[in-house]
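Remarks on the overall topology
Below, each chain spelled out in residue letters.
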Amino acid sequence: MLRLAAPLVLTELGWLTMAFVDTVMVGRLPDSATAIGAVSLGSTLFYTIGIFGSGTMLGMDTLVSQAYGAGRLDECHRTMWNSLYLACALSPVLMVSILAFLPFFSSFGLAPVLVDQTVPFLKALGWGTLPLALYFALRRYLQAMHIVKPVAFALISANLVNLLGNWVLIYGRWGMPAMGVEGSGWSTCIARFYMVAVLAIAVVYYDRKRNSGLWLASRRVDLERIRILLKLGLPAALQLLLEIGAFSMATFLIGKLGAVQLAGHQIALNVASFTYMVPLGICSAAAIRVGHAVGARDMQGAARAGWMALFFGAFFMSCSGLVLLLFSRTIARVYTPEQDVINVGAMLLLVAAVFQLFDGLQVVATGALRGAGSTGIAMVANLVGYWVIGLPLGAFLCFKLKLGALGMWYGLCLALVSIGIVLVGVWNSKIKSLLAPLSAGQQLKTASSK
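Residues numbered from 1 in each chain as written. Predicted model: local features only at pLDDT ≥ 70, side-chain atom pairs only at ≥ 80, totals over all residues. Heavy atoms only, no water.

**Considerations on empty space enclosed by the protein**
The gaps left among the atoms become clear once a water-sized probe is rolled over them. In this structure the tally under the stated criterion is three cavities of 30 Å³ or more. Taken as a whole, the largest cavity spans an internal volume of roughly 1000 Å³. Take the lining of the largest cavity: its biggest share by element is ten residues, from helix H10 (residues 259-295). Class assignment of the residues belonging to the lining of the largest cavity gives a composition of 26 nonpolar, 14 polar and eight charged. (1 Å grid on protein atoms, 1.4 Å probe; cavity = no way out; pocket = protein on both sides within 12 Å on 5 of 7 lines; lining within 4 Å. Points joined across faces, edges and corners; volume = space filled by probe spheres on them. Helix = DSSP H or I, 4+ residues; strand = E, 2+ residues; numbered from the N terminus. Nonpolar A, V, L, I, M, F, W, Y, C, P; charged D, E, K, R; others polar.)

Have a look at this one:
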């Protein structure tokens, strides 16, 4: 589990490192609160829509890992080809959906100066939609076949590409115009094209190294396979959409409170997202290991893999919660020198410290369930937890009781606690149902021997 999870954790941390670099580098522009807020708004809207399309590829965790566990490499290859076709079909729809939101920005009551910087940043990010979807398809294929080093390398090296691109495009180096916040969006877009190229090379290399028959497998459009992929992937994508959408909605609502509250929220959200990436990597490892075991019909191995992943996730997030509790102000100072923003960010980090354990449990349990072929329960849990409980309560505390961003985070905290408890309970029930035939068979065998 650790050999598989460690590179995937590095991969997930690579995503947030990229966001961290973007936030810090635009935070050194004049009026850093507005610049950070623009990156926050643009990124949250893009990922809310873009990650939904990419999230449909999560069905590959089930299909490819179970096929690999059963020794059916041809099935793995066919799923990969059809996932690429699906990514190409979805990307234009996602790009249009992102651009359709731009005319409505002013209706959210956001400051005009904030909108002026957010719109060009978001347009630049939009051109990275196709490479992002293709990247997710290739990544899920590789890691489900236990090839994780190229996945980690792609993200780590892409951070260097993004860092250089930010330096050149934000501040106007090497003869380029100083594009400010917009330059950060173009830098991120370039980094995504780079990541797809790296993974495409890795797919070809490992096929030749293992002689796995990638080019011998059928490359025709298989509508039935795409249907199954969507049947598994759409609930997983909706679960991601509900989760990320909840934080996106919270971001837009907090944006009405002004740039200082929004910047503090962005700092706390960025830090909480950083810690979340570790159990998210463990989540992917859990999906793969459970899927391999189910494909090999080793249900006891599936149970061990899931519970071990939950242990690792709970242990790390407990430690991270303690760090946030003790060093909230120190962490906030890394992002900005403005004292008002530091005060808000540090206050919200204390709330984040409370929900760390439950955030880790819910995301790892989601991965274990996905490996076992169950993706719908996590979607329902996120729907109820965030949209029925968390956001309504947060909005009430934020605006009616005048608690500001802190009230919104109280609501999100309650949502995460609820979802974490429910999904661990669901995983426990799921694994009992998988082990039940084994127990029945053992009892029958014992009775017959007597």
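**So, unusual backbone geometry**
Excluding glycine, residues mostly carry a negative phi; peptide bonds, for their part, are mostly trans. Even without being glycine, His 146 reaches a positive phi, approximately 65°. Tracing the backbone shows His 146 in the loop between helix H6 (129-144) and helix H7 (149-171). Notably, Arg 297 is not glycine yet its phi reads approximately 60°, a positive angle. As for its position among the elements, Arg 297 is in the loop between H10 and helix H11 (299-326). We classify Arg 297 as exposed; its relative accessible area is 72%. (Buried < 20%, exposed > 50% of the residue type's maximum accessible area, 1.4 Å probe, protein only.)

**Quick look at the side chain of Asp 207**
Topologically, Asp 207 is positioned in helix H8 (residues 181-210). Here Asp 207 is buried and forms no salt bridge, its nearest opposite-charge partner Arg 208 lying at an N-O distance of 6.0 Å. (Lys, Arg positive; Asp, Glu negative; His and termini not counted. Salt bridge = Lys/Arg side-chain N within 4 Å of Asp/Glu carboxyl O.)

**Quick look at the side chain of Gln 143**
Mapped onto the elements of the fold, Gln 143 is located in helix H6. Side chain to side chain, Gln 143 and Arg 139 meet in a polar contact 2.8 Å long. Among residues more than four places away in sequence, those in contact with Gln 143 are Leu 4, Leu 8, Asp 61, Val 148, Val 151, Ser 284 and Ile 288. (Polar contact = N/O pair within 3.5 Å; in protein donor to acceptor, adjacent residues only side chain to side chain. Contact = heavy atoms within 4.5 Å.)

**Section: the nonpolar core**
Within the largest apolar cluster, 144 residues are counted, with the highest numbers of intra-cluster contacts made by Tyr 135, Tyr 141 and Trp 409. Of all the elements, H10 adds the most residues to this core, at 19 residues. (Core = buried A, V, L, I, M, F, W, Y, C linked by side-chain atoms within 4.5 Å.)

**Things to note about the packing of aromatic side chains**
Under the definition given, this model contains nine aromatic pairs. Relative to Trp 215, the ring of Trp 81 has its centre 5.5 Å away and its plane inclined at 55°; by these criteria the two rings are tilted. One end of the pair, Trp 81, is in helix H4 (residues 73-100); the other, Trp 215, is in the loop between H8 and helix H9 (223-255), and 134 residues separate them in sequence. According to the relative accessible area criterion, Trp 81 is buried, its value standing at 12%. Ring centres 5.6 Å apart and planes at 80° place the aromatic pair Trp 167 and Trp 174 in the edge-to-face group. You can call Trp 167 partly exposed: its relative accessible area is 34%. One aromatic cluster is present, built from ring pairs that chain together Phe 311, Phe 312 and Phe 315. The residue whose ring lies beneath Arg 219 is Trp 81, and the NZ or CZ to ring-centre distance is 5.7 Å. (Phe/Tyr/Trp six-rings, centres within 6.5 Å; stacked < 30°, edge-to-face > 60°. Lys NZ or Arg CZ within 6 Å of the ring centre and 35° of its normal.)

**Considerations on the environment of Ala 285**
Among the secondary structure elements, Ala 285 is positioned in helix H10. Between the C-alpha atoms of Ala 285 and His 146, which are 139 residues apart in sequence, the distance is 9.3 Å. Setting aside anything within four residues of it in sequence, one finds Ala 285 in contact with Met 1, Leu 4, Ala 5 and Leu 8.

**Considering the layout of surface pockets**
Within this model, the largest pocket holds a volume of roughly 220 Å³. Leu 45, Thr 48, Phe 101, Met 249 and Phe 252 are, among the eleven residues lining the largest pocket, the residues nearest its centre. Going through the elements one at a time, helix H2 (32-55) and H9 are the ones with two or more residues in the lining of the largest pocket. Here the lining of the largest pocket is composed, by residue class, of eight nonpolar, three polar and no charged.

**Comments concerning the confidence of the model for the protein**
Of all residues in the protein, 96% have pLDDT values of 70 or greater, and the mean over the chain is 85. Of all secondary-structure elements in the protein, the lowest mean pLDDT belongs to H2, at 76, while H11 reaches the highest, 93. (pLDDT = per-residue confidence, 0-100.)

**Notes on helix H5 (residues 112-126)**
With 15 residues, H5 extends 21 Å from end C-alpha to end C-alpha; this agrees with the ideal 21 Å at 1.5 Å per step. Along H5, the residues classified as buried are Leu 114, Val 115, Thr 118, Val 119, Phe 121, Leu 122, Ala 124, Leu 125 and Gly 126. (Expected span 1.5 Å × (residues − 1).)

**A word on the pattern of salt bridges**
As enumerated under the stated definition, the model contains nine salt bridges in all. For Asp 222, the salt bridge is made with Arg 225, and the minimal N-O distance between the two is 3.5 Å. Exposure class is identical for Asp 222 and Arg 225. Each is buried.

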